[in-house]
Number of protein chains: 2
Amino acid sequence: MERQFDRAWLATALEEARAGLVEGGVPVGAALYGADGALLGRGRNRRVQDGDPSTHAETAAFRAAGRQRSYRGTTMVTTLSPCWYCSGLVRQFGISRVVVGESVTFHGGHDWLAEHGVEVVVLDDPECVAMMREFVARNPELWGEDIGE
Amino acid sequence: MERQFDRAWLATALEEARAGLVEGGVPVGAALYGADGALLGRGRNRRVQDGDPSTHAETAAFRAAGRQRSYRGTTMVTTLSPCWYCSGLVRQFGISRVVVGESVTFHGGHDWLAEHGVEVVVLDDPECVAMMREFVARNPELWGEDIGE
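Summarised in this report is the structure supplied together with it. What you are looking at is a predicted structure, and each value in this text was computed from that prediction instead of being measured. (Residues numbered from 1 in each chain as written. Chains lettered and ligands numbered in written order. Predicted model: local features only at pLDDT ≥ 70, side-chain atom pairs only at ≥ 80, totals over all residues. Heavy atoms only, no water.)

A few words now on the sheet that holds strand β1 (residues 29-33) of chain B. All names here are of chain B. Read from one edge of the open sheet, five strands run β2-β1-β3-β4-β5, paired in mixed fashion. Pairing within the sheet leaves two strands with one partner each, and these edge strands are β2 (39-44) and β5 (119-122). Averaged over all pairs of adjacent strands, the angle between their axes in this sheet comes to 15°, without regard to strand direction. As defined by bridge partners, β1 adjoins strand β3 (residues 75-78) across four bridges and the pair is classed as antiparallel. Paired with Ala30 across the two strands is Thr78, which belongs to β3. Strand contacts of helix α1 (residues 6-22): β1, β2, β3, β4 (97-100) and β5, with the helix running at about 140° to β1, the strand carrying the most contacts. Where helix α3 (residues 57-64) meets the sheet, it contacts β1, β2 and β3, and its direction lies at approximately 140° from that of β2. (Pairing = 2+ DSSP bridges. Helix = DSSP H or I, 4+ residues; strand = E, 2+ residues; numbered from the N terminus. Axes fitted to C-alpha atoms, helices over the stretch in contact; angles between N-to-C directions. Contact = heavy atoms within 4.5 Å.)

Below is the structure:
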């Protein structure tokens, strides 16, 4: 169920995605929020910027949050449906909620997460859709590389 | 099915795990080998060393391999059954084989990977089991943190 701050939190993830686009990177952004609503970490895909295929937006936000004893009550907000890698991150560490900007241009593992008790909210945000649609049309090779296809 | 080089490759992952133990870290190591048998990348869990919860052994080896256009034919060798995060990595990027040192002390997502077409070999290596068993007994809090429990 959508909550009061979800769209404001998505705006943080969108800022990260836009910054990635300007850098010539894959424009996916994410942020991890605590149970109390505090921003724990934010980040963006860094495949191009750092030559690092392991840094997807969600793993960047997770890393930026540093070591945490528990992820109970946390929310991962991401501009795009999380791939299997990032879905596995959410499941393994017990992140409670995932807020997805859009799942039109890419449908990752968010249904699997919902089946396993994660609260999933898909916002169908038109800016997220437009940004990815344009990126994929212009950079099909890079996008394929980023999702292993 | 076990192949000729699997135990030699596991030795590389074990070297990483032992180095992590000496550093006071979580002793899990991994290595990614190409279809031609070349070592593409190796690494170890760096939660303690770098304060980085996103660097599990498998993600470290994957990162060390740099950007690759395809993972077809590659083998991820890891001293311990891959958690959901690392299993998701393998599935998303189409890594073809996973060689697991042991799955006695922790049973992650390798059955799920096998169901989804990944070739999985579990070696039941006694050194891998002994190292993790001792580590978990001495560091239950740290181990719980590393797997989100």
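Attention now goes to the pattern of salt bridges. Residues and elements named next belong to chain B. By the definition in use, this model includes 32 salt bridges over all chains. Ionic pairing is found between Arg47 and Asp146, a salt bridge with its closest N-O pair at 2.6 Å. Taken together, the residues span a long stretch of sequence, with Arg47 in helix α2 (residues 47-50) and Asp146 in helix α7 (residues 140-146) at a distance of 99 residues. Ionic pairing is found between Arg138 and Glu134, a salt bridge with its closest N-O pair at 3.1 Å. With Arg138 and Glu134 both in helix α6 (residues 126-138) and four residues apart, this pair spans about one turn of that helix. (Salt bridge = Lys/Arg side-chain N within 4 Å of Asp/Glu carboxyl O.)

What follows concerns the side chain of Thr78(A). Residues and elements named next belong to chain A. Within the secondary structure, Thr78 is located in strand β3 (residues 75-80). A distance of 3.1 Å separates the side chain of Thr78 from the backbone oxygen of Leu80, its partner in a polar contact. Non-local contacts of Thr78, meaning those with residues more than four positions away in its chain, are made with Leu10, Ala13, Val28, Gly29, Ala30, Glu58, Val98, Val99, Val100 and Gly101. (Polar contact = N/O pair within 3.5 Å; in protein donor to acceptor, adjacent residues only side chain to side chain.)

At the interface, 33 residues of chain B touch 33 residues of chain A. Buried surface at the junction of chain B and chain A, summed over both partners, amounts to about 2,900 Å²; 54% is from carbon and sulfur atoms. The interface formed by chain B and chain A includes six salt bridges. For Arg67(A), the salt bridge is made with Glu145(B), and the minimal N-O distance between the two is 2.7 Å. Where chain B meets chain A, there are 16 residue pairs in polar contact (both at pLDDT 80 or more). Sorting the residues of the side of chain B that touches chain A by element identifies α2, α3, α4 (84-93) and α7 of chain B as the ones contributing at least two each. By residue number, the principal contributor to the side of chain B that touches chain A is α4(B), which donates seven residues. In the side of chain B that touches chain A, the residues fall into 13 nonpolar, 10 polar and 10 charged. (Buried area = accessible area lost by both parts, 1.4 Å probe. Nonpolar A, V, L, I, M, F, W, Y, C, P; charged D, E, K, R; others polar.)

Moving on: the environment of Glu115(B). With respect to the helices and strands, Glu115(B) occurs in helix α5 (residues 110-115). Separated by 40 residues in sequence, Glu115(B) and Thr75(B) place their C-alpha atoms 17 Å apart.

Our next topic: the relation of the copies chain B and chain A. Between chain B and chain A, the superposition needs a rotation of 180° and an axial shift of 0.0 Å, giving an RMSD of 0.0 Å. The symmetry that links the two subunits is that of a two-fold axis. In terms of C-alpha distance to the rotation axis, chain B has Gly88(B) as its closest residue, with the C-alpha 2.5 Å off the axis. When the interface residues of chain B are mapped onto chain A, 100% of them again lie at the interface, so the same face is used by both copies. (Least-squares fit on C-alpha atoms with pLDDT ≥ 70 in both.)

Now for the sheet that holds strand β1 (residues 29-33) of chain A. All names here are of chain A. In spatial order, the strands read β2-β1-β3-β4-β5; together these five strands make up an open sheet with mixed pairing. Two strands close off the open sheet at either side, each with one partner strand: β2 (39-44) and β5 (119-122). The average undirected angle you get between the axes of adjacent strands in this sheet is 15°. Relative to β2, β1 runs antiparallel, the two sharing five bridges.

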